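Chain residues, written in single-letter form:
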2 protein chains.
Amino acid sequence: MEDNSDLQWFWDTLDAHLSRQQLKQTKQRKVIVEHFLRLARHVDAEDLYRRVRGKGFKIGLATIYRTLNLLRDADLVTQHSFTDGRAIFEIKRPGTHHDHMVCSLCGIIQEFENDQIEVLQSKVAEDHGFTLTSHRLDLFGVCRGCHNEQSQQ
Amino acid sequence: MEDNSDLQWFWDTLDAHLSRQQLKQTKQRKVIVEHFLRLARHVDAEDLYRRVRGKGFKIGLATIYRTLNLLRDADLVTQHSFTDGRAIFEIKRPGTHHDHMVCSLCGIIQEFENDQIEVLQSKVAEDHGFTLTSHRLDLFGVCRGCHNEQSQQ
DNA sequence: GTTGATGCAAAGCATTTGCAATATC
DNA sequence: GATATTGCAAATGCTTTGCATCAAC
């Protein structure tokens, strides 16, 4: 779970981005971001929309998308695309990096870090004359929980 | 470049799949597959559609999609999704595996293999109690050619 | 009072699907 | 002749956009 007090940097960076770009602080943006920060780590637009509507706010889905795109532009969230066509958004903490492991059965997303893999990736890129800017490593499989359920049947 | 004579296994596997599933051999499928095999290694539906139409065949885009999905179901092609929303299809040779490096400037896709990375992935999955079924590793960056062009300006 | 933001409905885009006509087995 | 396939247009699912209204600066 995320402690909201840790997230001051998020709001600060957002404020900085808004004023730098001459964008406005609005009630909708505040509400959407508040709920985004409280939701699970990996969220899609529809999740966020349902949550916000469920709490009684009359905010359109387009505004959810526009706000998530704003956060992406401010480099505050990362946008992923795992199994289906949906975009998944995740808070991006400066200076951190991790990859993802997705369970094909329950859809749970686990994060992991592996420096050795990172080093090897850089080496591969270098060997091929590539100047690496980013990468994406997703592992797909069955998580322990689902695996146990399967074997009990 | 691909030597077509190497691809007998592809046609054989396809024939086997068709008869096993009680599907029919049609002119459209033949034409689409022939052109798919002659095109670049990484192809999207629109590429294939344009190529086939350009050669004078009156085949609908839906049939292209249906055929590519058929090949996917027959385990003869892999479906990727790199930068944009398009699906990219690639011949899948049995017993081979590689990952991809994509140039953000010219879009060129280079393949690479790295056994050490594969081993580390299995280890990571195991450490997290995951039964690994597949993975996706894409590196993004600037290829040598584009990098040289940039520095000359 | 300017300028950007919102909500809604409409448009986009890649892909899939329903259906009547047609080709394959 | 039964059944799968095709082409087309319409539908889909996610996301973006146009525009008139509204809120923030």
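One numbering rule holds for all chains: residues counted from 1, following each sequence as written. To label them, take the chains in the order written and letter them from A, then take the ligands in the order written and number them from 1. Residue-level local features of this predicted model are given only where pLDDT is at least 70; pairs of side-chain atoms are given and counted only at 80 or more, and the full residue set underlies all totals for whole chains, interfaces and linings. Excluding hydrogens and water, the side-chain figures rest on all heavy atoms present in the structure.

Caption draft 1: Expanded view of the protein's contact with DNA strand D. Proximity is defined per residue: if any heavy atom of the residue lies within 4 Å of a molecule or strand, that residue is considered near it. The local shell around DNA strand D holds 22 residues, among which Tyr 65 and Arg 86 of chain A together with Lys 24, Arg 29 and Thr 63 of chain B are the closest. Near the protein, within 4 Å, the atoms of DNA strand D are sugar or phosphate in 75% of cases. Ala 87 of chain A places a polar main-chain atom, nitrogen or oxygen, 2.6 Å from a phosphate oxygen of DNA strand D. Any N or O atom pair separated by 3.5 Å or less is treated as a polar contact, with the protein-specific requirement of one donor-capable and one acceptor-capable atom, and with residues adjacent in sequence counted only for side-chain atom pairs. Within the side chain of Thr 63 of chain B, a nitrogen or oxygen atom sits 2.4 Å from a phosphate oxygen of DNA strand D. Where the surface near DNA strand D is concerned, the elements lending two or more residues are α4 (61-73) of chain A together with α2 (27-38) and α4 (61-73) of chain B. A run of H or I in DSSP counts as a helix once it spans at least four residues, and a run of E counts as a strand once it spans at least two, with each numbered from the N terminus.

Caption draft 2: Examining the domain arrangement of chain A more closely. Residues and elements named next belong to chain A. In this entry, domain limits derive from an automatic or database-based domain assignment. Here the domain parsing of chain A yields domain 1 (4-91) and domain 2 (99-151). The C-alpha-based centres of domain 1 and domain 2 are spaced at 25 Å. Whether two residues touch is decided by their heavy atoms; if any such pair falls within 4.5 Å, the residues are in contact. Facing the 6 residues of domain 1 at the interface are 6 residues of domain 2. Defined here as a combined quantity, buried area equals the accessible surface (1.4 Å probe) lost by two parts on assembly, summed across both. Buried area between domain 1 and domain 2, both sides added, is near 570 Å², and the carbon and sulfur share of it is 66%. Interface area lost by domain 1 to domain 2 is led by His 42, Phe 82 and Thr 83, which between them contribute 71%.

Caption draft 3: A look at the relation of the copies chain A and chain B. To superpose the copies, least squares is applied to the C-alpha atoms of every residue with a pLDDT of at least 70 in both. Rotating chain A by 180° and moving it 0.1 Å along the rotation axis overlays it on chain B with an RMSD of 0.1 Å. Seen this way, the second copy is the image of the first under a two-fold rotation axis. When C-alpha positions in chain A are compared against the rotation axis, the closest is assigned to Leu 137 of chain A, at 2.2 Å. The residues that chain A uses at the interface reappear at the interface of chain B in 100% of cases, marking a shared surface.

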